[in-house]
Amino acid sequence: MFLQSNSPSELPAIASEIISFDRNARIFLFYGDMGAGKTTLIKSLCECLGTAEPVTSPTFSIVNEYNGTTNKIYHFDFYRLKNQTEALDMGYEEYFYSGAYCFIEWPEKIGGLLPDTYISIKIKVTGDQSREIIIEKI
């Protein structure tokens, strides 16, 4: 699926489309350059899932936990990991295989640990506020 966002005000509708893309999906991997809008899109996804809490980047904590309407949501940012062992040490499996939504930024840092099936979301900056978003089921 290909989506175009021309402003942040479009993100709630885009988040709804992403969740509807595969209602059973729980693992979502976000690819894009620094500043592409991965965290901003994840904020909209969390709101779409009923989170009332403020959604912030887990850059230093590595994982943030939120409560959605019906599920827990885990938001990961693996940018600062030095190696995959750090993900192993934090017990990533307990999160990934919990049945909760997992939104993962910088998944390339843990490539050997990723589940076999997930939703890939690639964000490409096309202008100051515009983005191309490609969603694939892997």
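Here is what the cut-offs are and how they apply
Residues numbered from 1 in each chain as written. Predicted model: local features only at pLDDT ≥ 70, side-chain atom pairs only at ≥ 80, totals over all residues. Heavy atoms only, no water. Helix = DSSP H or I, 4+ residues; strand = E, 2+ residues; numbered from the N terminus. Rg over C-alpha atoms; globule rule 2.2 N^0.38 Å. Buried < 20%, exposed > 50% of the residue type's maximum accessible area, 1.4 Å probe, protein only. Contact = heavy atoms within 4.5 Å. Areas by Shrake-Rupley, 256 points an atom, 1.4 Å probe, with all protein chains shown as cover. Lys, Arg positive; Asp, Glu negative; His and termini not counted. Charge placed at Lys NZ, Arg CZ, Asp CG, Glu CD. Salt bridge = Lys/Arg side-chain N within 4 Å of Asp/Glu carboxyl O. Axes fitted to C-alpha atoms, helices over the stretch in contact; angles between N-to-C directions. Parallel < 35°, antiparallel > 145°, perpendicular 65-115°, else oblique. Left-handed = near helix turned anticlockwise from the far one by under 90°.

**Thoughts on the overall build of the protein chain**
Looking only at helices and strands, the protein chain has four helices and seven strands in total. The helix and strand sequence of the protein chain, counted from the amino end, reads β-α-β-α-β-β-α-α-β-β-β. The globule rule puts the C-alpha radius of gyration for 138 residues at 14 Å, and the 14 Å found for the protein chain is close to it. Per-residue burial for the protein chain yields a buried fraction of 47% across its 138 residues. Taking the intrachain contacts of the protein chain between residues at least 6 apart in sequence as the baseline, contacts between residues at least 24 apart amount to 58%. Carbon and sulfur atoms make up 49% of the accessible area of the protein chain, which amounts to about 7,000 Å² in all. Positive and negative charge centroids in the protein chain, built from 12 and 18 side chains respectively, lie 2 Å apart.

**Concerning the side chain of Asp77**
Mapped onto the secondary structure, Asp77 falls in strand 4 (residues 72-77). Put simply, Asp77 is tucked away with no salt bridge, and the nearest opposite charge, on Arg80, sits 7.0 Å away. Those residues within four positions of Asp77 in sequence are excluded, and the remaining contacts are Ser57, Pro58, Thr59, Ile62, Glu105 and Trp106.

**Brief notes about the packing of helix 1 (residues 11-21) against helix 2 (residues 38-48)**
Contact pair helix 1 / helix 2: the axes reach a minimum separation of 8 Å and the direction vectors enclose 70°. As judged from the angle between their axes, helix 1 and helix 2 are roughly perpendicular. Considering only the axes of helix 1 and helix 2, their crossing is right-handed. Of the residues in helix 2, those in contact with Leu11, Pro12, Ile14, Ala15, Ser16, Ile18 and Ile19 of helix 1 are Thr40, Leu41, Ser44, Leu45 and Cys48.

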